[in-house]
Amino acid sequence: MSSLTDLNEKIAKCDACRLCKQRKRAVPGEGREDAEIMFIGEAPGWHEDQQGRPFVGPAGQFLDELLQSIGLKRGEVYIANVVKCRPPSNRDPLPDEIGACRKWLDRQIELIKPKMIVTLGRYSMARFFPGATISKIHGTARNSEGVTYFAMYHPAAALHQGSLRGVIMEDMLKIPSFLTQAEAAAEEPSPQKAKKAEKMEKVEKVEQTEPKQLSMF
Ligand code: SF4
């Protein structure tokens, strides 16, 4: 059993917050275990709760379209949410619920090691862009410790406010170029690696010169 499957089984049995009481199924997430891009939404809705899968309702259909627009399929990325169980009546997740569920998302990121994390909506954005406002930072990225974070509106926003559909589609089209940059950044030696390589080079030089000096005596 893979570590991610094992993790998903633990999430399915989790009772760390009140959301476990009314869920039909927990929705851990799905996709490639070694995905380069991870999409993180807010919380499961009714359809997701029924099926135990993320983004399977109308917002999920739009996400599929968005993925298609950049030549990706759902199975090539990883899709998850900030909280893994449906809040009653699709209300917003509460801070203590987000806090209780944080360990699961942290572990998923640790196992998948994505090069790029795309936040979908306010709650996911708040985790990776603290203090930011979605209307100001959507479509922009930041890099931290080798991971590129990219903020987008939640696909469901387009269902409530049709004018956002075009904005979301435009933002999605920026992902391939940010991913290429993220891949290039991941291949660049980090300052620590460069320092280590420099040190090794010096040691090698000393080793090469020492026998010559010794032969003079
Ligand atoms: S929302 Fe998260 S913390 Fe709360 S019960 Fe579900 S899996 Fe556990």
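Only a predicted model underlies this, so the values are computations on that prediction, with no experimental measurement involved.

Trainee: What am I meant to see in helix H8 (residues 164-172) here?
Mentor: Structural remark: α-helix, 3.6 residues per turn; residues separated by three or four positions point the same way. Buried within H8 we find Leu 164, Ile 168, Asp 171 and Met 172. Buried residues of H8 fall within an arc of 100 degrees about the axis and therefore sit on the same side. Elements in contact with the buried residues of H8: strand S2 (37-41), helix H3 (58-69), strand S6 (147-152), helix H7 (155-160) and helix H9 (175-187).

Trainee: Any chance you could explain the site of the ligand here in plain terms?
Mentor: Around the ligand sit Cys 14, Ala 16, Cys 17, Leu 19, Cys 20, Arg 23, Lys 84, Cys 85, Ala 100, Cys 101 and Trp 104, and that is every residue in its neighbourhood. When each cavity is represented as a set of grid points, the ligand is found to reside in the largest cavity. Per-class residue counts for the shell around the ligand are 9 nonpolar, no polar and 2 charged.

Trainee: Mind showing me how you'd approach the packing of helix H1 (residues 3-12) against helix H4 (residues 95-112) here?
Mentor: The geometry of a pair of packed helices is captured by two quantities: the angle between their axes and the separation between those axes. Following both chains from N to C, one finds H1 and H4 inclined at 170 degrees, their axes separated by 10 Å at the closest point. By the criterion of interaxial angle, the relationship of H1 to H4 is roughly antiparallel. Counting all contacts with H1, which are made through Ser 3, Leu 4, Leu 7, Asn 8, Lys 10 and Ile 11, the residues of H4 involved are Trp 104, Arg 107, Gln 108, Leu 111 and Ile 112. Broken down by class, the residue content of the contact of H1 with H4 amounts to 6 nonpolar, 3 polar and 2 charged.

Trainee: Before we go on, may I ask you to explain the nonpolar core in this structure?
Mentor: The tendency in soluble globular proteins is for nonpolar side chains to be buried as a group. Formed by 53 residues in total, the largest nonpolar core has its most connected members in Met 38, Phe 39, Val 118 and Ile 175. For Met 38, the contacting residues outside a window of four places in its chain are Tyr 78, Ala 80, Leu 105, Gln 108, Ile 109, Ile 112, Pro 114, Met 116, Ile 117 and Val 118.

Trainee: Even after reading the chapter, I still don't get the packing of aromatic side chains, so can you show me in this structure?
Mentor: What describes a pair of aromatic rings is the distance from one ring centre to the other and the angle between the planes of the rings. The full count for this structure, using the stated rule, is 2 aromatic pairs. Both rings, one in Phe 128 and one in Tyr 149, keep their centres 5.3 Å apart while their planes meet at 20 degrees; by these two values the pair is stacked. Residue Phe 128 is found in helix H5 (residues 122-128), and its partner Tyr 149 is found in strand S6; the two are separated by 21 residues along the sequence. Each member of the pair, Phe 128 together with Tyr 149, is buried.

Trainee: How should the packing of H3 against H8 be read in this particular structure?
Mentor: Remark: H3 packs on H8, axes separated minimally by 9 Å, with the N-to-C direction vectors making an angle of 40 degrees. The angle between the axes of H3 and H8 places the two elements in the oblique class. Crossing geometry of H3 relative to H8 is assigned as right-handed. Residue-level contacts link Phe 62, Glu 65, Leu 66, Leu 67 and Ser 69 of H3 to Arg 165, Ile 168, Met 169 and Met 172 of H8. Residues belonging to the contact of H3 with H8 are distributed by class as follows: 6 nonpolar, 1 polar and 2 charged.

What counts and what doesn't
- Residues numbered from 1 in each chain as written.
- Predicted model: local features only at pLDDT ≥ 70, side-chain atom pairs only at ≥ 80, totals over all residues.
- Heavy atoms only, no water.
- Buried < 20%, exposed > 50% of the residue type's maximum accessible area, 1.4 Å probe, protein only.
- Helix = DSSP H or I, 4+ residues; strand = E, 2+ residues; numbered from the N terminus.
- Arc of directions from axis to C-beta.
- Contact = heavy atoms within 4.5 Å.
- Near = heavy atom within 4 Å.
- 1 Å grid on protein atoms, 1.4 Å probe; cavity = no way out; pocket = protein on both sides within 12 Å on 5 of 7 lines; lining within 4 Å.
- Sits in = over half its atoms within 2 Å of the grid points.
- Nonpolar A, V, L, I, M, F, W, Y, C, P; charged D, E, K, R; others polar.
- Axes fitted to C-alpha atoms, helices over the stretch in contact; angles between N-to-C directions.
- Parallel < 35°, antiparallel > 145°, perpendicular 65-115°, else oblique.
- Core = buried A, V, L, I, M, F, W, Y, C linked by side-chain atoms within 4.5 Å.
- Phe/Tyr/Trp six-rings, centres within 6.5 Å; stacked < 30°, edge-to-face > 60°.
- Left-handed = near helix turned anticlockwise from the far one by under 90°.

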